[in-house]
Protein chains: 2
Amino acid sequence: MEKKSRTIPKATAKRIPLYYRYLKSLEKSGVNRIKSKDFSQMIQIPSATIRRDFSNFGELGRSGYGYDVSYLIEVFSSILNTEIEKRIALVGVGNLGKALINNNFRKNKNLNIVAAFDVDPEVIGTKVNECKVQDISELEQTIKKEQITTAIMTVPSERAQPVADILVKAGVTAILNFAPRRLKIPKSVQVQYIDLTTELQTLIYFDENHNMIETLR
Amino acid sequence: MEKKSRTIPKATAKRIPLYYRYLKSLEKSGVNRIKSKDFSQMIQIPSATIRRDFSNFGELGRSGYGYDVSYLIEVFSSILNTEIEKRIALVGVGNLGKALINNNFRKNKNLNIVAAFDVDPEVIGTKVNECKVQDISELEQTIKKEQITTAIMTVPSERAQPVADILVKAGVTAILNFAPRRLKIPKSVQVQYIDLTTELQTLIYFDENHNMIETLR
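Per an unreviewed UniProt entry, the recorded name for chain A is Redox-sensing transcriptional repressor Rex, and the organism is Vagococcus acidifermentans. On record in UniProt, under Subunit (unreviewed entry), the comment for chain A is "Homodimer." Recorded in UniProt under Function (unreviewed entry), the annotation for chain A is "Modulates transcription in response to changes in cellular NADH/NAD(+) redox state."

S.K.: I tried to follow the domain arrangement of chain A on my own but got confused; where do I start?
M.R.: Accessible area lost upon the coming together of the parts serves often as the stated size of an interface. With domains assigned, chain A is organised as domain 1 (10-78) and domain 2 (86-197). One C-alpha centre belongs to domain 1 of chain A, the other to domain 2 of chain A; they are set 32 Å apart.

S.K.: Is there a simple way to explain the relation of the copies chain B and chain A in this structure?
M.R.: One copy of the chain maps onto the second through a rotation about an axis and a displacement along it. Of the transformation superimposing chain B on chain A, the axial component is 0.0 Å and the angular component is 180°, with the fit at an RMSD of 0.0 Å. In the structure described here, the two chain copies are related by an operation that fits a two-fold rotation axis. The rotation axis passes nearest to the C-alpha of Leu96(B) in chain B, at a distance of 3.1 Å. Residue by residue, 100% of the interface of chain B is reproduced at the interface of chain A, so both copies engage with the same surface.

S.K.: Help me understand helix 3 (residues 47-55) of chain B, please; the structure alone is not making it clear to me.
M.R.: One turn of an α-helix holds 3.6 residues; hence residues three or four places apart share an orientation. Residues and elements named next belong to chain B. Residues of helix 3 that are buried include every one of Ser-47, Thr-49, Ile-50, Asp-53 and Phe-54, and no others. All buried residues of helix 3 lie within an arc of 155° about the axis, which places them on one face of the element. Buried positions along helix 3 lie against helix 1 (10-28), helix 2 (36-43), strand 4 (66-68) and helix 4 (69-80).

S.K.: Please clarify how the nonpolar core should be interpreted in this entry.
M.R.: Note on soluble globular proteins: their nonpolar side chains tend to be buried together. Core analysis: the biggest nonpolar cluster contains 48 residues, and Ile152(A), Leu200(A), Ile152(B) and Leu200(B) have the highest contact counts within it. Other than its neighbours up to four places away in sequence, Leu200(B) contacts Ile88(A), Phe105(A), Leu111(A), Thr150(A), Ile152(A) and Leu176(A).

S.K.: Quick question: what am I supposed to make of the UniProt feature "DNA-binding region" (unreviewed entry) in chain A here?
M.R.: UniProt feature "DNA-binding region" (unreviewed entry): in the numbering of this structure it lies at residues 18-57 of chain A. Annotated as residues 18-57 of chain A, this span is 70% helix and 5% strand, and its ends, taken at the C-alpha atoms, are 16 Å apart.

S.K.: Would you take a moment to explain the interface of chain B and chain A for this structure?
M.R.: Between chain B and chain A, the residue contacts involve 72 residues of the former and 72 residues of the latter. Summing both sides of the interface, chain B and chain A together bury roughly 6500 Å²; the carbon and sulfur share of this comes to 61%. Run the count over chain B and chain A and you get 4 salt bridges. As a salt-bridge pair, Asp195(A) and Arg21(B) come within 3.1 Å of each other at their nearest N and O atoms. Counting the contacts that link chain B with chain A gives 14 residue pairs in polar contact (both at pLDDT 80 or more). Partitioned by chemical class, the residues of the side of chain B that touches chain A number 36 nonpolar, 21 polar and 15 charged.

S.K.: Is there a simple way to explain the UniProt feature "binding site: NAD(+)" (unreviewed entry) in chain A in this structure?
M.R.: Residues and elements named next belong to chain A. The UniProt record marks Gly-92, Val-93, Gly-94, Asn-95, Leu-96 and Gly-97 with the feature "binding site: NAD(+)" (unreviewed entry), using the residue numbering of this structure. In this structure, Gly-94 sits in the loop between strand 5 (86-91) and helix 5 (95-103). Relative to the elements of secondary structure, Gly-97 occurs in helix 5. For Gly-97, a relative accessible area of 0% gives the class buried.

S.K.: Before we go on, may I ask you to explain the sheet that holds strand 7 (residues 127-128) of chain A in this structure?
M.R.: Within the open sheet, the 7 strands sit side by side as 7-8-6-5-9-10-11 (chain A). Their pairing is mixed. Single-partner strands in this sheet number two, and they are strand 7 and strand 11 (190-193) of chain A. Judged from the 3 bridges that link them, strand 6 (residues 111-118) of chain A and strand 8 (residues 131-135) of chain A form a sheet pairing that is parallel. When the sheet's bridge partners are listed, Ala116(A) is paired in strand 8 of chain A with Val133(A). Relative to the sheet, helix 8 (residues 196-208) of chain B contacts strand 5, strand 6, strand 9 (150-153), strand 10 (174-177) and strand 11 of chain A, its axis offset from that of strand 11 of chain A by approximately 160°.

S.K.: What is the right way to read the side chain of Asn177(A) from this model?
M.R.: All names here are of chain A. Secondary-structure assignment places Asn-177 in strand 10. One polar contact links the side chain of Asn-177 to the main-chain amide nitrogen of Ala-179, over a distance of 2.9 Å. Each residue touching Asn-177, except ones within four places of it in the same chain, is listed here: Met-153, Leu-183, Val-191, Gln-192, Tyr-193 and Ile-194.

S.K.: So what exactly am I meant to see when it comes to the pairing of strand 6 (residues 111-118) of chain B here?
M.R.: Along any regular strand the residues' side chains alternate between the sheet's two faces. Residue and element names in this part refer to chain B. Among the 8 residues of strand 6, 7 are classified as buried, and the element is accordingly described as predominantly covered. Here strand 5 (residues 86-91) pairs with strand 6 via 6 bridges, running parallel. Following the sheet pairing, Leu-90 is matched in strand 6 by Ala-116. In this view, the connection linking strand 5 to its parallel neighbour strand 6 by way of helix 5 (residues 95-103) has right-handed handedness.

Scoring rules and cut-offs
- Residues numbered from 1 in each chain as written.
- Chains lettered and ligands numbered in written order.
- Predicted model: local features only at pLDDT ≥ 70, side-chain atom pairs only at ≥ 80, totals over all residues.
- Heavy atoms only, no water.
- UniProt positions renumbered as here; feature names shortened; annotations may be inferred.
- Domains from an automatic or database assignment.
- Least-squares fit on C-alpha atoms with pLDDT ≥ 70 in both.
- Contact = heavy atoms within 4.5 Å.
- Buried < 20%, exposed > 50% of the residue type's maximum accessible area, 1.4 Å probe, protein only.
- Helix = DSSP H or I, 4+ residues; strand = E, 2+ residues; numbered from the N terminus.
- Arc of directions from axis to C-beta.
- Core = buried A, V, L, I, M, F, W, Y, C linked by side-chain atoms within 4.5 Å.
- Buried area = accessible area lost by both parts, 1.4 Å probe.
- Salt bridge = Lys/Arg side-chain N within 4 Å of Asp/Glu carboxyl O.
- Polar contact = N/O pair within 3.5 Å; in protein donor to acceptor, adjacent residues only side chain to side chain.
- Nonpolar A, V, L, I, M, F, W, Y, C, P; charged D, E, K, R; others polar.
- Pairing = 2+ DSSP bridges.
- Axes fitted to C-alpha atoms, helices over the stretch in contact; angles between N-to-C directions.
- Right-handed = clockwise from strand over helix to strand, strands pointing away.

Set out below in structure tokens:
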């Protein structure tokens with residue numbers, strides 16, 4: 001495909017799932033086209049950024065007319081490969097792990113947590129939202145059999161590195177990690193960190209100091 | 001204080017809690033000083049960025065010597081106001097809400113979820129990790145009484161806007177929102193969005209396309 005022939009800035013790539021989500025909700029509300037200015041207000045990203053991002057994918061809109069919503073959805077859906085089911089493993093079935101399995105990204109039918117692992121004998125063998133929790137010793141075999149390449153880690157900080165090593169050995173190439181400590185991992189493996197404490201501290205800091213922080217938007 | 005007299009770029013402000021967390025863990029391991037290059041490797045942020053960020057807060061280090069860990073902790077701790085307890089309300093005691101109350105940012109003794117609210121009669125009156133779940137109708141009164149200004153929203157998407165309206169009316173000025181839809185909120189209120197689906201989609205997208213995404217680091 002033509003879009004594959006060029007590179008995309010990382011910052012743009014990060015915004016694509018957000019664009020996609022909002023476009024889907026516009027479509028659901030019966031909106032057929034949208035101007036970058038209105039889209040900008042809706043998603044709170046500067047319209048110049050939106051136009052620049054979109055220009056990476058060719059001529060998606062016309063000046064004064066706006067963008068065609070269903071066409072954009074088609075483009076971003078193809079970029080994100082949303083038609084293909086993503087089978088996901090989750091390691092660490094504590095409170096947060098359970099919450100994620102129960103939610104299971106239910107608004108995205110193609111994102112599915114299909115395997116869960118833990119070390120606690122009390123948890124192993126139980127079912128959470130139809131998903132049976134397996135012993136972590138079965139991880140490598142299950143992940144290979146199920147051809148899973150994406151994993152979510154909701155394990156205690158001190159377990160993060162050894163669990164990541166097991167995941168990488170099993171062939172996982174994408175890890176969503178809720179433990180904040182940076183992992184030592186091969187460059188071929190993508191890691192996304194979600195650090196709730198840092199997010200909260202940042203929020204509070206911004207709240208307490210909003211007069212002294214430059215907003216660049 | 002001198003540091004209050006100048007503005008800080010938003011991008012720098014976002015990294016302060018991360019710096020602080022790593023410095024604390026260095027201190028715990030008995031490390032007294034660190035070079036920006038080593039710190040860079042540890043937290044996976046370019047050392048030029050770190051030096052530029054730190055320069056916002058005066059002369060924190062000397063070339064060739066590195067940064068004094070305990071001094072940096074002092075500076076960032078004062079910036080983040082970590083000595084002051086932050087009392088937090090949580091709205092929406094479903095799976096994710098329960099997980100957060102149970103965890104309660106336990107590694108930060110001054111971040112405390114002290115009040116929880118829901119609309120479900122089955123949940124109201126129960127206790128989660130010592131925290132009694134109240135009816136949302138009691139929110140305004142409790143938040144005013146407890147002088148809470150920070151709230152976490154773990155409510156279904158369609159409830160996000162009305163709950164945010166209630167929080168703002170009650171005097172909350174900082175909201176950590178796990179529902180991805182953008183809120184209509186006064187400019188004086190800070191909102192931080194945590195959108196787990198988008199994070200996961202971004203991760204998978206990066207994994208599937210890492211050859212075509214420019215990494216700028």
